[in-house]
Amino acid sequence: MQRRNFLKNSSAAAAGLISAPLMASCKEESNSKAAPADQVKNIRPITICTWNFENATAKAWNVLEQGGNSLDAVQQGAMVEEADVNNQTVGIGGRPDRDGNVTLDACIMDKDGNCGSVLCMQNIASPVSVARKVMEETPHVMLAGKGAEKFAYEQGFKKTNLLTEQSKKEWVEWKKTSEYKPIINIENHDTIGILAIDKNGDISGACTTSGMGYKYAGRVGDSPIIGAGLFVDNEIGAATATGVGEEVVRTVGSFLIVELMRQGKSPQEACEEGVKRIMAKNKDRTDFQIGFIAINKQGETGGYCIQPGFTYRTYSDEGHVNNPSESFLNG
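Quick look at the structure, then. Please read all numbers here as calculations on a predicted model, not as lab measurements. (Residues numbered from 1 in each chain as written. Predicted model: local features only at pLDDT ≥ 70, side-chain atom pairs only at ≥ 80, totals over all residues. Heavy atoms only, no water.)

1. Overview of the overall build of the protein chain
Rule in force here: The helix count covers DSSP runs of H or I at least four residues long, the strand count covers runs of E at least two residues long, and both are numbered beginning at the N terminus. Each residue's exposure class comes from its accessible area (1.4 Å probe, protein chains only) as a fraction of the maximum for that residue type: buried when under 20%, exposed when over 50%, partly exposed otherwise. Residue contacts follow a heavy-atom distance rule, with two residues in contact if any of their heavy atoms lie within 4.5 Å. Using a 1.4 Å probe, the Shrake-Rupley method yields the accessible areas, and only the shown protein chains count as cover for residues.
Helix and strand content of the protein chain: twelve helices and 13 strands. When each of the 331 residues of the protein chain is scored for burial, the buried share is 53%. Considering only contacts within the protein chain whose residues lie at least 6 apart along the sequence, 65% involve residues at least 24 apart. Carbon and sulfur atoms provide 49% of the accessible area of the protein chain, an area that totals close to 14,900 Å².

Written as structure tokens, this is what we have:
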């Protein structure tokens, strides 16, 4: 049952309480949030993702270049990495938790603020696609664990063994010491976050991950949390994060960056402030990585991180570029 039908059927009694003035007010508010026609006219399609995932941005750009919408672009871009067994930070082949289980997290958000998320889901190869189904086919935002997996099967997704021989071999080796010390810019680059603006000037975003390698069973970071790992406001822009998710959650990082852009900061300035807020709570700590990227309504982009080494890739009619990020700790 689609979300709109569920809400319609389950809320029929309440619907009679809605007054015409209230409905008119909502309509006016919706209209007021639409981008001015001249602003949209000057917007060119663009996509941006965390890290140097050139295949993801190439796929997303292909969707945009053919006139597709930003939601399809970010989903299909993320799916490329989820299906790549050589990428051990998302999807099939992702590093398992310390019990040997690959658990996946993802979320997606569209231009209207609709969003869907799955957390700690096993045996499904494309969590970002399940997250979109949660958004479109249920009245919920998040589904977790076995519930998310069951829902995926109901939607036609197939059961898949996510633990590849390479990831299993590394996990077995890790168990010899069981030392949990993620390597900066390797195990910590555990996420692809991807944002896009389409020909209509509409913004969407997606985020997908297998989480930190050898995490405690049940651990969930920022990636599937709307406002932390991803946030989209079609009036203003969007942001997404990568790195140690616990620290992003504590500052509601992606929402913060969008709000800073609302206040007039550029995407670059907003990302820098987002990292500085995190470091203000972690004085003298240098053992972790956070990277933010952002895009505003005009198609301007920005990125910033704690440690040197983070990059982000953009694709527009100006070219396909891997951008080294400036960092809080200059190396």
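2. Here we look at the environment of Ile-306
For Ile-306, the location among the structural elements is in the loop between strand S10 (301-305) and strand S11 (311-316). For the pair Ile-306 and Glu-272, spaced 34 residues apart in sequence, the C-alpha to C-alpha distance is 9.3 Å. Non-local contacts of Ile-306, meaning those with residues more than four positions away in its chain, are made with Val-275, Ile-278, Met-279, Phe-288, Gln-289, Ile-290, Ser-327, Phe-328 and Leu-329.

3. Regarding the sheet that holds strand S1 (residues 46-50)
Convention followed: Strand pairing is defined by DSSP finding a minimum of two bridges between the two strands. Whenever a helix is involved, its axis is fitted only over the stretch in contact; in every case the axis is a line through C-alpha atoms, and angles between N-to-C directions fall within 0 to 180 degrees.
Sheet architecture is open: eight strands sit in the order S4-S3-S2-S6-S5-S1-S11-S12, paired in mixed fashion. At either margin of the open sheet sits one strand with a lone partner, and together these are strand S4 (142-144) and strand S12 (319-324). Strand-to-strand twist in this sheet, taken as the mean axis angle between neighbours without regard to direction, amounts to 10°. Pairing between S1 and strand S5 (residues 191-197): four bridges, direction antiparallel. Residue pairing in the sheet places Ile-46 in a bridge with Ile-197 of S5. Relative to strand S3 (residues 115-121), helix H7 (residues 127-137) is tilted by about 130°, and along the sheet it contacts strand S2 (104-109), S3, S4 and strand S6 (203-209).

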